[in-house]
Amino acid sequence: MAIKSASTEWRQVVLVCRKCSKKLDGGFGPDGDLTLKKALRRYLQLPKGKKGRKHELAVVGADCFGLCPKGAVVAVNTAQPEALLVVPGGADLLEVKARLGLSDPRRVKPTLTLVEGG
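Residues numbered from 1 in each chain as written. Predicted model: local features only at pLDDT ≥ 70, side-chain atom pairs only at ≥ 80, totals over all residues. Heavy atoms only, no water.

J.: Looking at this structure, how should I read the sheet that holds strand E3 (residues 72–77)?
T.: The strands that make up a sheet pair up through hydrogen bonds in the backbone, lying either parallel or antiparallel. Strand order in the open sheet formed by four strands is E2-E1-E3-E4, with mixed pairing between adjacent strands. Two strands lie at the open edges of the sheet, namely strand E2 (57–62) and strand E4 (85–88), each paired on one side alone. When strand polarity is set aside, the average angle formed by the axes of neighbouring strands in this sheet is 30°. Bridging between E3 and E4 involves four bridges; their strand directions are antiparallel. (Pairing = 2+ DSSP bridges. Helix = DSSP H or I, 4+ residues; strand = E, 2+ residues; numbered from the N terminus. Axes fitted to C-alpha atoms, helices over the stretch in contact; angles between N-to-C directions.)

J.: Just to check I follow, could you spell out helix H2 (residues 36–43) for this structure?
T.: Residues lying three or four places apart along an α-helix face the same way, a consequence of the helix completing one turn every 3.6 residues. Buried residues of H2: Leu36, Ala39, Leu40 and Tyr43, and no others. Summarising the axial view, the buried residues of H2 lie within an arc of 95°, below the 170-degree limit, and thus occupy one face. Where H2 is buried, its residues contact strand E1 (12–17), E2, E3, E4 and helix H3 (93–100). (Buried < 20%, exposed > 50% of the residue type's maximum accessible area, 1.4 Å probe, protein only. Arc of directions from axis to C-beta. Contact = heavy atoms within 4.5 Å.)

What follows is the structure, encoded as structure tokens:
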């Protein structure tokens, strides 16, 4: 069988430990009932119709990273593999996004324009 490839529009990929997520059993999102993976996917939602390989960001479950913190989940942005992020349950997703170094065009404030005259 020949090796094939599939194209994506991914610009960033975040890996979230499945084992940590299972042990924590939720802890993220507005009601604290989502896993970190699901909460990040909802929080960083790009315009509708952009799913799977057509999305610019992929948040994927991964096997254990071997860190196993209590009450937290390990995540890593594959663009910065030297820094594993230990995210405690209930952490603010805006801070998680920033610490993972993720770009989020929805969260950019418009620049103000100075209008002269009166």
